Amino acid sequence: MHIREEVLFLSEQDVLRLFSAQDAIAAAEDTFYHIGTGEITVGTMALMYVDQEKGNNFHSMPAILHHRDVSGVKWIDTYASPQPGYPFSHGNLVIVSDTVTGSPIAIVGATNITNMRTAGGHGVVQARALCNPNPEVLSVIGCGAQAQAGMWGFLAGFPSLRQIRLFSRSRAPMEAMQRELSGRLEVVLCGSPQEAVGGSSLILMASGAVTPLVTWDMLAPGATVIGIEGFRDMDPAIGKKADKWYLGYMPPDQVILESPALNPGHTLCREDVFGDMTQLLTGKIPGRERADEIIVSTHMGMGAHDVNSAYTIYLRAKEQGIGTKLVLDSGC
C-alpha cells in the first residue's frame, strides 16, 4: 500500500501569529482537567546527556490526548554549556500525530509554545484556582523570556490587575518590560525581592536563579506563590510551612522532590504535598478554603501541555491556510 502523508510545518513565527496568551491558558487548563479525568496519557520523559559532565542534554516528552484524537512528543535541548553564540535551548519541536490513522500531521516550533504555556499558561491556571479573588497587584521575580510571557498571561487571566512589582538582577529587561506595558498598568521596578513581594497576595517566581530569592518570612497571610522552577529560586521552607502546597501533576513533578537543585537539602517530602492541579480541577480535592491561607503551587511542566497547544495551533493554521506543507510518501 502506498500512502501519501501531508505534514504541516509551523515555524516559531507561525506560532506567534496563531497562539495567544488566552489560548495558552485554555490549553493548560484543558490539559490538567483531562489528565484528571483519565483522558490524557502522560508518557515518561526520556533524558539523554551528550557530555560526560552532564551539562548538555536532549529530552523527549510524550503524551496522548485521547479526547482530541492526537498524540505527540516534545523534543527539546537544554545546554548549560552551549557553544559560543548559542542559547541554552533552541530549535525545539513538537511532533503531532493523528491517533485514528497513526499518521503524523504537524511539526511545530516549540520554543515560543514553551515560553507562553509555562508561567503565562499553567502558572495562570494554578493562580486562578488558588488565589484570593480579584488580585490587583502581581509580584514577579525574574524578567527573562518565561517571566515576560508570564506577565502577559497573568494580564490576560486577571483583568483585575492594576500593578506589577518586578524584580530582576538585570535592570535593562525590567525597563524594557516597563515600557512595553506602559498604558496597560503600572509597573514598579523594585530593588530587592523583599520590596517586590512584601505584602503581596499573588507572586510569580520565574527567575531562573539557583539560590533562593524569596523566603518564608517575606510572605503575608493570604499569599499565593506560583513557582516554575521548583524551589530553586525560593526557600523550600515555603513548601514545608505553607498551609497547602500543590503540584501541577504528581508523576512528572516528583522530580521536584528528588532533585537536590529543586529541593535543596531534601527539605521537602511527599507528605508535604496537599495534592495537584489534576485533582483540584476535577473536584477531588479542595483549593483555597480561607482568605488568610498561604498557598504555594509548583509545576515543572510536561509535554502534554505542549502537544495540546501545538494541536490548537495546527487547527487554526489549517483554518487560515498558514504553514508549509511537507509530503511524506511511505509504502509497505
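Let me sum up the structure you'll find in this document. A quick note: this is a predicted structure, and the numbers were derived from the prediction, not measured.

Conventions we followed
Once a new chain begins, its residue numbering starts again from 1 and follows that chain's sequence as written. Given that this is a predicted model, residues contribute local features only at a pLDDT of at least 70 and side-chain atom pairs are listed and counted only at 80 or more, while totals for whole chains, interfaces and linings are drawn from all residues. Calculated side-chain values reflect all of the structure's heavy atoms, with hydrogen atoms and water omitted. Here a strand is any run of E in DSSP of at least two residues, a helix any run of H or I of at least four, and the numbering for each starts at the N terminus. Residue exposure (1.4 Å probe, protein chains only): buried if accessible area is under 20% of the type maximum, exposed if over 50%, otherwise partly exposed. What makes two residues a contact is simply this: any of their non-hydrogen atoms within 4.5 Å. What sets the accessible areas is the Shrake-Rupley method with a 1.4 Å probe; for residues, cover comes only from the shown protein chains. His is not counted, nor are the chain ends, whereas Lys and Arg count as positive and Asp and Glu as negative. The location of each charge is read from NZ of Lys, CZ of Arg, CG of Asp or CD of Glu. Paired strands, as defined in this entry, are two strands with at least two bridges between them according to DSSP. Think of it like this: strands point away, you trace from the first strand over the helix to the second, and a clockwise trace means the crossover is right-handed. The directions considered for the arc run from the helix axis to the C-beta atoms. Here a polar contact is recorded for every N or O atom pair within 3.5 Å, except that within protein the pair must consist of a potential hydrogen donor and a potential acceptor, and residues adjacent in sequence are included only if both atoms are side-chain atoms. Throughout, nonpolar core names a set of buried Ala, Val, Leu, Ile, Met, Phe, Trp, Tyr and Cys residues whose side chains join them through atoms within 4.5 Å. To obtain an axis, a line is fitted to C-alpha atoms, over the contacting stretch when the element is a helix, and the angle between two such axes runs from 0 to 180 degrees between their N-to-C directions. Any angle that falls under 35 degrees is termed roughly parallel, while one over 145 is termed roughly antiparallel, one within 65 to 115 roughly perpendicular, and all others oblique. Each crossing gets its handedness from the near helix: less than a right angle anticlockwise from the far helix is left-handed, clockwise is right-handed. The residue classification treats Ala, Val, Leu, Ile, Met, Phe, Trp, Tyr, Cys and Pro as nonpolar and Asp, Glu, Lys and Arg as charged. All others, Gly included, are polar.

### Some thoughts on the overall build of the protein
- In terms of regular secondary structure, the protein is built from 10 helices and 16 strands.
- Dimensions of the protein along its principal axes, counting C-alpha atoms only, are 65 × 45 × 45 Å.
- Taken across its 332 residues, the protein has 52% of its residues classed as buried.
- In the protein, 69% of the contacts between residues at least 6 apart in sequence involve partners at least 24 apart.
- When the accessible surface of the protein is totalled, it reaches about 14400 Å², and 52% of it is carbon and sulfur.
- Side chains of the protein carry 24 positive and 34 negative charges; the gap between the two charge centres is 3 Å.

### Regarding the pairing of strand β8 (residues 137–141)
- Counting buried positions over the 5 residues of β8 gives 4, a clear majority of the element.
- Pairing between β8 and strand β9 (residues 163–167): 5 bridges, direction parallel. Considered in β9, the bridge of Leu138 is made with Ile164.
- Taking the sense of rotation as the criterion, the β-α-β connection linking β8, helix α4 (residues 145–157) and β9 turns out right-handed.
- Summarising the sheet, β8 and strand β11 (residues 202–205) pair through 3 bridges and their orientation is parallel.

### Looking at helix α8 (residues 250–258)
- Along α8, the residues that are buried comprise Met250, Asp253, Ile256 and Leu257. When α8 is viewed along its axis, its buried side chains cluster within an angular range of 95 degrees and face the same direction.
- Taken together, the buried residues of α8 touch β13 (244–247), β14 (275–276) and β15 (295–298).

### With respect to unusual backbone geometry
- Notably, Asp69 is not glycine yet its phi reads approximately 60 degrees, a positive angle.
- Along the chain, the position of Asp69 falls in the loop between β4 (56–65) and β5 (70–79).
- Take Asp69: its relative accessible area is 40%, and that puts it in the partly exposed class.
- One non-glycine residue, Asn134, adopts positive backbone phi at about 55 degrees.
- With respect to the element layout, Asn134 can be found in the loop between α3 (111–130) and β8.
- With relative accessibility at 61%, the residue Asn134 sits in the exposed group.

### Concerning the side chain of Asp272
- Along the chain, Asp272 turns up in the loop between α8 and β14.
- Classification of Asp272 as buried rests on a relative accessible area of 18%.
- Here Lys240 takes part through its side chain, which lies 2.8 Å from a polar atom of the side chain of Asp272.
- Within the structure, the side chain of Asp272 is placed 2.9 Å from the backbone nitrogen of Cys269, a separation counted as a polar contact.
- Each residue touching Asp272, except ones within four places of it in the same chain, is listed here: Gly239, Lys240, Trp245 and Thr267.

### Quick notes on the nonpolar core
- In this structure, Phe154, Ile164 and Leu166 are the most contacted members of the largest nonpolar core, which totals 65 residues.
- For Phe154, the residues in contact, after removing those within four places along its chain, are Ala119, Gly123, Val124, Ala127, Leu138, Leu161, Leu202 and Leu204.
- Core analysis: the second largest hydrophobic core is formed by 27 residues, Ile141, Ile203, Ala209 and Ala242 among them.

### Some details on the side chain of Thr312
- Relative to the assigned elements, Thr312 resides in helix α10 (residues 303–320).
- Relative accessible area serves as the criterion here: at 17%, Thr312 is assigned to the buried category.
- Beyond its immediate sequence surroundings of up to four residues, Thr312 is in contact with Phe19 and Arg68.

### Details of the packing of helix α2 (residues 21–36) against α10
- Interaxial distance between α2 and α10 falls to 9 Å at its minimum, and their mutual angle equals 130 degrees. Here α10 runs oblique to α2, going by the angle between their axes. In this structure, α2 crosses over α10, and the sense of that crossing is right-handed. Note on element contacts: α10 touches α2 through Ala304, His305, Asn308, Ser309 and Arg316, opposite Asp23, Ala27, Ala28, Asp30, Thr31 and Phe32.
- The residue inventory of the contact of α2 with α10, partitioned by class, reads 4 nonpolar, 4 polar and 3 charged.

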